[in-house]
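The lines below spell out each chain.
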Amino acid sequence: MTLDVDHRTMATPGGREVALTPLQAALLAHLMSRAGCVCTREELMCQALGYPVPVGTRTVDVHVATLRGKLGGALTIRSVRGVGYALEPFADT
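What you see is a predicted model, and the numbers here were worked out from it, not measured in a lab. (Residues numbered from 1 in each chain as written. Predicted model: local features only at pLDDT ≥ 70, side-chain atom pairs only at ≥ 80, totals over all residues. Heavy atoms only, no water.)

A. View of helix 1 (residues 22–33). Compared with the 16 Å implied by 1.5 Å per residue over twelve residues, the 17 Å span of helix 1 between its first and last C-alpha is a close match. If you check which residues of helix 1 are buried, you get Gln24, Ala25, Leu27, Leu28, His30 and Leu31. (Helix = DSSP H or I, 4+ residues; strand = E, 2+ residues; numbered from the N terminus. Expected span 1.5 Å × (residues − 1). Buried < 20%, exposed > 50% of the residue type's maximum accessible area, 1.4 Å probe, protein only.)

This is the structure we're talking about:
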C-alpha cells in the first residue's frame, strides 16, 4: 500500500489507484503514521485535517466514511466507540 500525499493518490497492492481529496489524503497519512494506535476525533480534526480548534465530531466521521468507501476494503479503519478511529496494522506479505 502506497500513499502519495502530494498527488493525493493511493495505490493498492493489486495495482488499483485511488484518487483522494486533500483532506482524505491528510487523514489517511495521519492514520497510516499511527497504524494500530487509536486516534481521537479531536486529534484527527486538528492534526490531520488542520482545523485550528475542534468543531463538531461528525466532521471527522463524515470524512472517515467517505475515505472507507474509496478504499473499498483495501485498508481497515476501525471505529473506537466514543473515542475515534484506528487504522488496522498492515499485514506482512
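B. Focus on the environment of Glu88. Structurally, Glu88 can be placed in the segment after strand 6 (84–87). For Glu88, a relative accessible area of 29% translates into the label partly exposed. In this structure, the C-alpha to C-alpha distance between Glu88 and Gly36, residues 52 residues apart in sequence, is 5.2 Å. Residues contacting Glu88, with those up to four places away along its chain left out, are Thr76 and Arg78. (Contact = heavy atoms within 4.5 Å.)

C. A look at the sheet that holds strand 2 (residues 9–11). Read across the sheet, three strands follow the order 1-2-3 without closing on themselves; strand pairing throughout is antiparallel. Looking along the sheet, the strands with just one partner apiece sit at the ends: strand 1 (2–4) and strand 3 (17–19). This sheet shows a mean twist of 20° between the axes of neighbouring strands, independent of strand direction. Bridge count between strand 2 and strand 3: three bridges; the pairing is antiparallel. (Pairing = 2+ DSSP bridges. Axes fitted to C-alpha atoms, helices over the stretch in contact; angles between N-to-C directions.)

D. Layout of unusual backbone geometry. Phi at Arg8 is positive, roughly 55°, even though this residue is not glycine. Residue placement: Arg8 occurs in the loop between strand 1 and strand 2.

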